[in-house]
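Structure at a glance
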There are 2 protein chains.
Amino acid sequence: MKDIYIGIDLGGTFIKSGIADADGKILSFYETPTECGQGVEHVAENISAAITRLFEDAKSNGFAVTGIGLSIPGFIDSANGTVIASDNIRWYGVPIKKMIAERFGNIPVSIENDANCAALGEALFGSGEKRKNCVLLTLGTGVGSGIIINGKIYSGNRSAGAEVGHIIIHPRGKKCTCGGRGCLETYASATALICETKKTVKKHPDSLMAEVGADKIDGKTAFDYREKDKYAAAIVKKYIDDLSIGLISIANIFRPEAIILGGGVAKQGESLTGPLNRKLKESIIYAHSGPEVPVICATVKEAGMLGAAALNMQF
Amino acid sequence: MKDIYIGIDLGGTFIKSGIADADGKILSFYETPTECGQGVEHVAENISAAITRLFEDAKSNGFAVTGIGLSIPGFIDSANGTVIASDNIRWYGVPIKKMIAERFGNIPVSIENDANCAALGEALFGSGEKRKNCVLLTLGTGVGSGIIINGKIYSGNRSAGAEVGHIIIHPRGKKCTCGGRGCLETYASATALICETKKTVKKHPDSLMAEVGADKIDGKTAFDYREKDKYAAAIVKKYIDDLSIGLISIANIFRPEAIILGGGVAKQGESLTGPLNRKLKESIIYAHSGPEVPVICATVKEAGMLGAAALNMQF
């Protein structure tokens, strides 16, 4: 009987639910409405209905369900199985692990923050071999992160760690929302990139990027114009330089099997990872004698659901 | 029958050997010569003799030996049990785990780098409760480090990680021996502190520190004079500011249960940790809502031997 794992990716709008095997192969997959406006009990019923359907799928295929994992947005106490605060689904102090476990008897239930689950899914299933030690950065509104150590999510004391976006890269630099100064996030988020692009266009109306229109400038603009506009090229160069300072520190601290980039800016693919990889190859410690630290982009579809399923996998 | 653990701390001059229980209590302890000039086989015999004596101690006290751990200086492949290169004891490519395991039958044997073992010993036994997630920094010739995650040593891909001294704190700063620029080590090592003190005295002969004599200036000098000499005070302030940049990043990445400082500069105790703790309390992420990250000094006697013993402990 094949061992399989149930993964639930709970979002504000949809519940994605699936069955995966230990290699991250998806054997069943559904998307149903969350309906979080109808209260906690109702959402728990919706989750349970999704799980029940997956149990039926498993049974009819002769699979043994080994565990149920839930990916949930917000601040999660995974040790106690409680959602402390999730603005996204409007849950505060919900003992969801217990609520689900009561319905499904002896099957282990695990819960985790959604960004952490996505990181785990990417680390384990983003390439042929399972990467058990990885750092993921999401270059979006902020710089989110996930740390995977020995195939498990590491989130620090009371889950307050894994804030890799708050490495200080310029000690006398820009103020950060965290209260600190010069954090990686203030230079490497999509927000920072857009802000820099807008400022440049305002300061240099002769920039070709001006034709986009100030309110349509986004995280792609500077990358789109970098080969024909010197101002765009300078923005991209500075963005990659700043990001590389953080990545070199991450590589020296963790010597991970990969650094995986996600979020909007990571859509640039090789334009972003090419120069970053060249910088890391030159500048990390033991650059020539030690193992490489490839910088790659996130590729896994349904990383959140797969990461949730992987919470119960043993390595 | 009480479970106990054998720890061997192999140094260039002495082999420290002992028995510890799971709480880090030392039940037997010996110090015997390494005699590394007499070759690998001879040293292995000396280690084995020390272990044999500990087995006798264990037997006469009714203890059950659960594992043997070895702390060894140099570059260690702990997964394969091989000393890749240790200039200190002049070992290159020595399969010491196998050599010891052959002599003692079914008892598990583990080997690790000495700095990592000391870090593990400090993390687990440096306070009443066992700290399972800690970062240790040794402020000495360089800035060494050890990362303890879930009660185990984390050293990255092919043990090339845990180089926390090579976080970049000043991207356009001083050249580092690692090939990079602006690493924490170039500002926070005892070497950097001494260099800064010597430069200051040369530049300002009116500094009270001049009375020490250029060749007697050490890592203590600036701390000793900081209350009566403005130049000394400025050096100490700058040293602590720079160190704090690295510690804030470490706290944000790991949210460890503690950051533990060892090495020569850590002898300053509260003069060092006091201002660092104040800075971390202000500047780390979730400074007020999240758990504190205390900065403390290393305190464990025989941390290397205890860390070696702890390699076989289960948590």
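Preceding block: the structure.
Overview of the structure.

What counts, and at which threshold
- Residues numbered from 1 in each chain as written.
- Chains lettered and ligands numbered in written order.
- Predicted model: local features only at pLDDT ≥ 70, side-chain atom pairs only at ≥ 80, totals over all residues.
- Heavy atoms only, no water.
- Pairing = 2+ DSSP bridges.
- Helix = DSSP H or I, 4+ residues; strand = E, 2+ residues; numbered from the N terminus.
- Axes fitted to C-alpha atoms, helices over the stretch in contact; angles between N-to-C directions.
- Expected span 1.5 Å × (residues − 1).
- Buried < 20%, exposed > 50% of the residue type's maximum accessible area, 1.4 Å probe, protein only.
- Contact = heavy atoms within 4.5 Å.
- Buried area = accessible area lost by both parts, 1.4 Å probe.
- Salt bridge = Lys/Arg side-chain N within 4 Å of Asp/Glu carboxyl O.
- Polar contact = N/O pair within 3.5 Å; in protein donor to acceptor, adjacent residues only side chain to side chain.
- Nonpolar A, V, L, I, M, F, W, Y, C, P; charged D, E, K, R; others polar.
- Phe/Tyr/Trp six-rings, centres within 6.5 Å; stacked < 30°, edge-to-face > 60°.
- Disulfide = S-S within 2.5 Å.
- Least-squares fit on C-alpha atoms with pLDDT ≥ 70 in both.

**Things to note about the sheet that holds strand β6 (residues 82-86) of chain A**
Residue and element names in this part refer to chain A. The strand order across the open sheet built from 3 strands is β5-β6-β7, with neighbouring strands paired in antiparallel fashion. Each of the sheet's edge strands pairs with one partner strand only, and the pair in question is β5 (75-77) and β7 (91-94). Each strand axis lies, on average, 15 degrees off the axis of its neighbour in the sheet, ignoring direction. Looking at chain direction, β5 and β6 are connected through 3 bridges and run antiparallel. Along β6, the bridge assignment pairs I76 with V83.

**Here we look at the sheet that holds strand β13 (residues 295-297) of chain B**
Residue and element names in this part refer to chain B. The strand order β11-β10-β9-β12-β13 describes an open sheet built from 5 strands, whose pairing is mixed. Sheet topology places β11 (152-154) and β13 at the edges, where each strand pairs with a single neighbour. In this sheet, neighbouring strand axes are inclined to one another by 30 degrees on average, regardless of whether the strands run parallel or antiparallel. Pairing of strand β12 (residues 258-262) with β13, which is carried by 3 bridges, proceeds in the parallel orientation. Bridging from a neighbouring strand, I260 pairs with I296 of β13.

**Section: helix α8 (residues 270-283) of chain A**
Helical geometry: 3.6 residues make up each α-helical turn, so side chains three or four residues apart lie on a common side. Residues and elements named next belong to chain A. Its 14 residues give α8 an end-to-end C-alpha distance of 19 Å, which sits within 8% of 20 Å, the value for a rise of 1.5 Å per residue. Inspection of α8 places L272, T273, G274, L276, N277 and L280 among the buried residues, and these make up the whole buried set. Looking at the packing, one finds that the buried side of α8 touches β9 (134-139), α6 (221-225), α7 (230-254), β12 (258-262) and β13 (295-297).

**Points about the interface of chain A and chain B**
Each partner contributes residues to the interface: chain A has 36 residues there, and chain B has 36 residues. Together, the buried faces of chain A and chain B total about 3200 Å²; carbon and sulfur atoms form 64% of this surface. Connecting chain A to chain B are 0 salt bridges. At the boundary of chain A with chain B, the tally comes to 16 residue pairs in polar contact (both at pLDDT 80 or more). Elements with a contribution of two residues or more to the side of chain A that touches chain B: β10 (143-149) and α7 of chain A. A total of 6 residues in the side of chain A that touches chain B trace back to one element, the largest contributor, which is α7 of chain A. Considered class by class, the residues forming the side of chain A that touches chain B number 19 nonpolar, 12 polar and 5 charged.

**Quick look at the packing of aromatic side chains**
Any aromatic ring pair is given by two values, namely how distant the centres are and how the planes are angled relative to each other. All names here are of chain B. Under the criterion given, the structure shown has 7 aromatic pairs over all chains. Centroid distance F55 to F104: 5.5 Å. Interplanar angle 5 degrees. Geometry classified as stacked. With F55 in helix α1 (residues 40-61) and F104 in the loop between α2 (96-103) and β8 (109-113), the pair connects residues that are 49 residues apart, well separated along the chain. Between F223 and Y239, the ring centres sit 6.4 Å apart and the planes meet at 80 degrees, which makes this aromatic pair edge-to-face. Residue F223 is located in helix α6 (residues 221-225), and its partner Y239 is located in helix α7 (residues 230-254); the two are separated by 16 residues in the primary sequence. Since its relative accessible area comes to 2%, F223 is described here as buried. For Y239, a relative accessible area of 3% puts it in the buried group.

**Description of unusual backbone geometry**
All names here are of chain A. Despite not being glycine, E35 shows a phi value in the positive range, around 55 degrees. The residue E35 is located in the loop between β3 (26-33) and α1 (40-61) in this model. The phi dihedral of R255 is positive, around 35 degrees, even though this residue is not glycine. Mapped onto the fold, R255 is located in the loop between α7 and β12.

**Some points on the state of the cysteines**
Residues and elements named next belong to chain B. Applying the stated rule across the entire model yields 0 disulfides over all chains. C176 takes part in no disulfide bond, and the closest cysteine sulfur, belonging to C178, lies 3.8 Å away. Here C178 stays free of any disulfide, with the sulfur of C183 as its closest cysteine sulfur at 3.7 Å. On the basis of relative accessibility, which here comes to 18%, the residue C178 falls in the buried class.

**Some remarks on the relation of the copies chain A and chain B**
These two copies of the chain differ by a rotation about an axis and a displacement along the same axis. It takes a turn of 180 degrees to lay chain A on chain B, together with a shift of 0.0 Å along the axis; the resulting RMSD is 0.0 Å. Taken together, the rotation and translation relating the two chain copies correspond to the operation of a two-fold axis.

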